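# Residue-level structural notes
Each chain, letter by letter, is given below.
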Amino acid sequence: MEFVSEFFFTINRVTNDSCLHSGANSFLFTQYKYLAAFTAVFAVVIFLFLGSVHRFSTESQPCQYTRGKACKPALANAVFSTIAFLLGAATSVASGFLGMRIATAANARTTVEARRGIGPAFAAAFRSGAVMGFLLASLGLLVLYVAIKVFGLYYGDDWEGLYESITGYGLGGSSMALFGRVGGGIYTKAADVGADLVGKVERNIPEDDPRNPAVIADNVGDNVGDIAGMGSDLFGSYAESTCAALFVASISSFGADHNFAAVSYPLLISSAGLIVCLITTLFATDLYRVKTVDGVAPALKLQLLISTVLMTVGVLVVTFTALPHEFTMFDFGEVKRVKNWHLFFCVTIGLWAGLAIGFTTEYFTSNAYSPVRDVADSCRTGAATNVIFGLALGYKSVIVPVFAIAVSIYVSFTLASIYGISVAALGMLSTVATGLAIDAYGPISDNAGGIAEMAGMSHRIRQRTDALDAAGNTTAAIGKGFAIGSAALVSLALFGAFVSRAGMAVINVLSPKVFVGLVVGAMLPYWFSAMTMKSVGSAALKMVEEVRRQFAAIPGLMEGRATPDYASCVRISTDASLREMMPPGALVLLAPLVAGTFFGVQTLAGLLAGALVSGVQVAISASNSGGAWDNAKKYIEAGASDHAKALGPKGSDAHKAAVIGDTIGDPLKDTSGPSLNILIKLMAVESLVFAPFFAAHGGLIFK
């Protein structure tokens, strides 16, 4: 009993007194103060731009899509779009914060359960991730539904204006997600790189060793970057895809006939997804119990497969229940006749394309397969060959996901025009609760291992948490693959909605206005990546110098007789992330405003298309290269095969080369790569929200 009491005292001291929980809270509250000021300013910008479309008139205007009918004034669109933006921003912030609170509570619990075995530890981590997944998915759905019903009290039968104003909800969600992903990514990777380069490479001490001054900042960063940022990111994807589908549906025969069940088809798909994910979760925790290390990865993959199969049935039921047998969709000025089974195929092809992307990502990032093992083997000749193999792997991993996205786009657009692409994106995100559970499981397991190391627990417990963490790295890569794939479809759907709202029937890529935008748009992901990568590098440089200084200046630190100054490292990460997240965010938010206002809707359309095409490629390759480098390092550290043992053990030249590759990949997979999918979504939804202004007053230079 004395040992147990001492153990729980140690856990409590490490998780609370050492600021894992309070450190994450402190950073998020500070970040949210900055974001509150930005949100207030940008809300004013939305109101002024949209209100000026008709000089803040309070008179009704002719509807754009329903001829001979009067719609609510532009001033109403300005007011309700602003309110929707604020709602989306608040929900995104709440999603990230609540996810972080769940994760910090689950970290120590997973460590405690690891004493009982791999199965209980897996169940604790996965159930905690599931709580976060269901909370975020249901919260986004609930707030959006309530907003539609409340806005409807004013708009009445003007569904065109109602759902146009609702698009502000997606803009608010993605705006917060961008800063959360970038800020959290800079925070966690600055600490991670500093801790690894000095601790593991120079000092040859274990990962998460309490002697390392950067270890607390590293573990805090896992919560604010991989949990809070990721939660806001996937919420943003869900909000934007739903808003795009609702807007396109409102200008179809659904909206003209005021068929609420049919217009709410996207919401019904997401609701069915929650039920399916609830059933799926039981397979991982009750019906299929993990008993060995080898059972962890199959259990997680089984979640993806089961949820996809069950969701296919759910989509079938919802489609034939909610939709009429035949209807018409808006098709860039034309009318396209669509049958309900067409939409069933659109949703399911997005759903199964997501599974294909997930399994492809797993193949290229899991150390159970040859690509990652080849990267690990390349470490025999140093860090340079490791970097070369990792980059090649990332580029190659783009092929299958892009083909899956291309097939989804072609089939869904052929069957149901831009609405088909919208619901295909929703199909890919329909199992978002399961995706979030699997994604959040990784950082929770990682922090559980850190707590075990800092608490001085036995090597056997650390092996169990490392096994959970290795599988979590792969699932995190799968989650990023889903996010990027869905972002491509969401952005294209938003792009189509923008083209419709701006009144463009055709976009000619040979037009100088369009082609200029296309070239500049394709450059933006590289500019954005350069800014975020340099931000991580600058912060990591300061972190490395601080960790080296403490090892040199604090007597007895290396021997474990002194306590490092954790607070100074936390301060370096916090200051760097808050300072460096602003320029990339400004680039993304200002680019559509500048292009639309000064160069017009044609140039802006080219800008969006260019950013979409190049952003998807860069995001997938960056995320998968980083994931492969990380798991190559863990493959050598685990030494589970003769090949891995020949490359190890920890501290060997091959292992040091793998650590260097991992530190290069950290900002790629956790900062630049995941943030790029927000870039392409945010630019598209911002363009849609401001489309009335650009169509009326844009193109000042060309005019």
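Please read all numbers here as calculations on a predicted model, not as lab measurements. (Residues numbered from 1 in each chain as written. Predicted model: local features only at pLDDT ≥ 70, side-chain atom pairs only at ≥ 80, totals over all residues. Heavy atoms only, no water.)

Our next topic: the overall build of the protein. What the protein contains, in helices and strands, is 23 helices and four strands. For 703 residues, the compact-globule estimate of 2.2 N^0.38 gives 27 Å, and the protein sits close to it at 25 Å. Within the protein, buried positions represent 65% of all 703 residues. Pairs at least 24 residues apart make up 83% of the contacts formed inside the protein by residues separated by at least 6 positions. Accessible area of the protein: about 24300 Å², with a carbon and sulfur share of 65%. Charge separation in the protein, taken as the distance between the mean sites of 47 positive and 48 negative side-chain charges, equals 2 Å. (Helix = DSSP H or I, 4+ residues; strand = E, 2+ residues; numbered from the N terminus. Rg over C-alpha atoms; globule rule 2.2 N^0.38 Å. Buried < 20%, exposed > 50% of the residue type's maximum accessible area, 1.4 Å probe, protein only. Contact = heavy atoms within 4.5 Å. Areas by Shrake-Rupley, 256 points an atom, 1.4 Å probe, with all protein chains shown as cover. Lys, Arg positive; Asp, Glu negative; His and termini not counted. Charge placed at Lys NZ, Arg CZ, Asp CG, Glu CD.)

Let's shift gears to the pattern of salt bridges. Overall, the coordinates contain 18 salt bridges when judged by the stated rule. For the salt bridge of Lys669 with Asp630, the shortest nitrogen-to-oxygen distance reads 3.5 Å. One end of the pair, Lys669, is in helix α22 (residues 653–689); the other, Asp630, is in helix α20 (residues 601–638), and 39 residues separate them in sequence. Among the salt bridges present, the one from Asp666 reaches Lys669, with a minimum N-O distance of 3.9 Å. Separated by three residues within a single helix, Asp666 and Lys669 lie in helix α22, roughly one turn from each other. Lys669 matches Asp666 in its accessibility class, with the two residues each being buried. (Salt bridge = Lys/Arg side-chain N within 4 Å of Asp/Glu carboxyl O.)

Where helix α5 (residues 159–202) meets helix α17 (residues 512–553), the closest approach of the two axes is 8 Å, and the angle between their N-to-C directions is 40 degrees. Relative to α17, the element α5 is oriented oblique. Pair α5 / α17 crosses with right-handed handedness. Of the residues in α17, those touching α5 at Leu178, Val182, Gly185, Ile186, Lys189, Ala190, Ala191, Val193, Gly194, Leu197, Val198 and Glu202 are Phe528, Thr532, Ser535, Val536, Ala539, Ala540, Met543, Val544, Val547, Arg548 and Phe551. (Axes fitted to C-alpha atoms, helices over the stretch in contact; angles between N-to-C directions. Parallel < 35°, antiparallel > 145°, perpendicular 65-115°, else oblique. Left-handed = near helix turned anticlockwise from the far one by under 90°.)

What follows covers the side chain of Ser378. Among the secondary structure elements, Ser378 is positioned in the loop between α12 (370–377) and α13 (383–396). Setting aside residues up to four positions removed in sequence, Ser378 forms contacts with Thr385, Asn386 and Phe389.

Of all residues in the protein, 96% have pLDDT values of 70 or greater, and the mean over the chain is 85. Put simply, helix α1 (residues 2–17) is where the protein has its lowest mean pLDDT, 42, and α13 is where it has its highest, 95. Low pLDDT, under 50, characterises residues 1–18; the stretch is placed with 22 contacts to residues that sit more than four places away or in other chains. (pLDDT = per-residue confidence, 0-100.)

The subject of this paragraph is the nonpolar core. The biggest cluster of nonpolar side chains holds 204 residues, and the ones touching the most others in it are Tyr265, Tyr419 and Phe498. Listed in part, the 19 residues of the second largest apolar core include Cys379, Val387, Ala644 and Ala658. (Core = buried A, V, L, I, M, F, W, Y, C linked by side-chain atoms within 4.5 Å.)

Another point: the environment of Ala90. For Ala90, the location among the structural elements is in helix α3 (residues 74–114). Between the C-alpha atom of Ala90 and that of Asp192, which follows or precedes it by 102 residues, the distance is 29 Å.

All right, on to the packing of α5 against helix α18 (residues 566–580) then. Contact geometry for α5 and α18: axes closest at 8 Å, N-to-C directions at 145 degrees. Crossing geometry of α5 relative to α18 is assigned as right-handed. Residue-level contacts link Gly183, Ile186, Tyr187, Ala190 and Ala191 of α5 to Val570, Ser573, Thr574, Ala576, Ser577 and Glu580 of α18. Counted by class, the contact of α5 with α18 contains six nonpolar, four polar and one charged residues. (Nonpolar A, V, L, I, M, F, W, Y, C, P; charged D, E, K, R; others polar.)

This part is about the environment of Phe283. By secondary structure assignment, the location of Phe283 is in helix α9 (residues 265–287). For the pair Phe283 and Tyr238, spaced 45 residues apart in sequence, the C-alpha separation works out to 25 Å. In contact with Phe283, other than residues within four places in its own chain, are Tyr288, Gln303 and Ile306.

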